[in-house]
Amino acid sequence: MSFPYSPTQAYPPPQAQQPTPVVMPSGAQRPRLTFIGTGYLGATYAICFAELGYEVLGVDVDEAKIAKLAAGEVPIHEPGLDELLRRNLAAGRLRFSTDYREAADFGDVHFICVGTPQRPDGMSADLSYVETAVTSLVPHLTRKALIVGKSTVPVGTAEWVEQLVGKHAPAELGVEVAWSPEFLQEGFAVEDVLRPNRLVLGLKSAWAHSMLFAAHKGVFELAVNEDREVPVVVTDFATAELVKVAANAFLATKISFINAMAEVCEASGADVSQLARAIGYDDRIGKKFLRAGVGFGGGCLPKDIRSFQARAQELGAGEALRFLHEVDLINQRRRGRVVQLAAELLGRPYGPAGPDLSGMRIAVLGATFKPNTDDVRDSPAIAVARKLARTGAQVGVYDPQGMENAKRDLPEVSYAQSMTDVVRDADLVCVLTAWEEFRYADPNVLGALVNGKRVIDGLNCLDQPLWTAAGWEFRGMGRPNP
Ligand code: UGA
């Protein structure tokens, strides 16, 4: 398929080169949008696109979640989202529903935002939610529509979704499919949706392109008002799907690279923080995503590198991604490193079955996989707290936002109401999520509460000289002992 302009360019393109405007199937001026799946991704998109002026319907099978959203309550912790939700509900642009028929009646463009978790029986992604979303929606369609995948999926999924649509949608409507992966980061999700650093549009027809252009016009207009451009890559299905997993695989590799350097620094007495700073000055390397620590977690990076390997294997290209297995192993090893450091600081031997830390009280600061979220999925902090609990130590956890989720995931430790509560009488403090509250905590104040002034900085986020000056025995990740 050819377009009248170069497929990779900054948008909006000059008027003459923009895709030909099309009449919306619903007859509305601007496309009406549905976001199917109101988890992190779908809820954020639904709310932000309403903010951009679109009429939006958020759809989910989870009645409790829909009731909360409809009542103006965001079910997740994401800075800035509450206010936008309430504002757009009040403006009447945003509604929520559990009814697929209503979604089909309402929408011109339907974004599939459901989860694609790792399958319990292997490394590949579970696509059953994508399948259910598509097959629940399309039989109710009564006019042409565009189904746009946003969920992170194995390459080949968009073609499969197209076949599902062909099988389940009334044939005469000519319902089409496109794929447009998302790149939002938890904690910065609102900004990432309103001001994306790029858009990737995997599509097959000029109509799909015009529809997607119309569905993102609000994003382009905001950019123009702010004198910015939004780079857009228009491409095929397979490339669009791969862009997303390739980006996450690259980020995971970058983190594991610096964590591998941390291991070498530990063996040689070098300092990985200084090393990262020094290599990061080279623009080709860049300083972002080079913070060594307890490794990456969350609902995306870990599962994405695994399902990417599984898919490559199916395609006969498994060898190409074998390094991702190593990336995963390096990441797992960092979690164990905290337990080694704990044994070292507490003067307990580290046997083949790990150390025996019974009788010790360990305060874990942090539970979420990173700050500014309440998400504990595959959180290194939770994994380390679990490992510490298995050594026989008494482990207490405090997190500013993730307590409820953490309690469900890790019931075997105790939970405190505040940072000062959790550190009281502790023999060791481990900082495992880089919340500001922990980074800027006063080591003198905390020092007066603990039983032993020992701290492990699992993220290399503390001001080490300050803590050492306050009398703390300090261990970082990939850094020499002070
Ligand atoms: C990640 C990607 O960054 C997003 O672009 C992508 O859209 C998203 O996954 C997704 O697939 O939906 P997110 O899971 O929110 O976003 O988290 P990141 O900010 O990427 O952090 C991932 C993990 O890496 C965290 O545990 C963080 O602490 C860790 N990390 C990050 C490091 O250990 N070192 C660093 O230098 C940076």
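A brief report on the enclosed structure follows. Position labels on residues start from 1 in each chain and follow its written sequence. Note on the predicted model: pLDDT of at least 70 is required for a residue's local features to be given, and 80 or more for side-chain atom pairs to be given and counted; whole-chain, interface and lining totals, by contrast, use all residues. Side-chain descriptors were evaluated using all non-hydrogen atoms of the structure, hydrogens and water having been removed beforehand.

**Some remarks on the site of the ligand**
In the vicinity of the ligand lie 20 residues, with Leu184, Glu186, Lys244, Asn248 and Arg291 positioned nearest. Within the backbone of Phe183, a nitrogen or oxygen atom sits 3.1 Å from an oxygen atom of the ligand. Out of a free accessible area of 720 Å², the ligand has 91% covered by protein chains. Strands here are runs of E lasting at least two residues and helices are runs of H or I lasting at least four, both read from the DSSP assignment and numbered beginning at the N terminus. Secondary structure elements with two or more residues in the shell around the ligand: α10 (237-268) and α12 (301-314). Looking at which element gives the most residues to the shell around the ligand, the answer is α10, with 4 residues. Ten residues, namely Ala, Val, Leu, Ile, Met, Phe, Trp, Tyr, Cys and Pro, are considered nonpolar, four, namely Asp, Glu, Lys and Arg, are considered charged, and the remaining ones, Gly among them, are considered polar. Residue classes in the shell around the ligand are distributed as 10 nonpolar, 4 polar and 6 charged. Residues are classed as near a molecule or strand on a simple rule: at least one heavy atom within 4 Å of it. The term polar contact refers here to a pair of N or O atoms within 3.5 Å; inside protein, the definition further demands a hydrogen-donor-capable atom paired with an acceptor-capable atom, and it admits residues adjacent in sequence only when both atoms are side-chain atoms. All accessibility values rest on the Shrake-Rupley procedure with a 1.4 Å probe; residue burial counts only the protein chains present in the view.

**So, the pairing of strand β6 (residues 146-149)**
Under the scheme applied here, a residue whose accessible area is under 20% of the maximum for its type counts as buried, over 50% as exposed, and between as partly exposed, the area being computed with a 1.4 Å probe on protein chains only. The side-chain alternation of β6 yields two buried faces, one formed by Leu146 and Val148 and the other by Ile147 and Gly149. DSSP calls a pair of strands paired once it identifies at least 2 bridges connecting them. Both strand β5 (residues 109-112) and β6 contribute to a ladder of 4 bridges, which runs parallel. Bridge assignment links His110 to a residue of β6, and that residue is Ile147. Regarding the hand of the β-α-β motif, the stretch spanning β5, helix α5 (residues 128-137) and β6 is right-handed. Pairing of β6 with strand β7 (residues 176-179), which is carried by 4 bridges, proceeds in the parallel orientation. Residue Gly149 lies in a different strand from β7, and its bridge partner there is Trp179. When the strands point away from the viewer and the connection leading from the first strand across the helix to the second strand turns clockwise, the crossover is called right-handed. With respect to chirality, the unit in which β6 leads through helix α6 (residues 157-168) into the neighbouring parallel β7 is right-handed.

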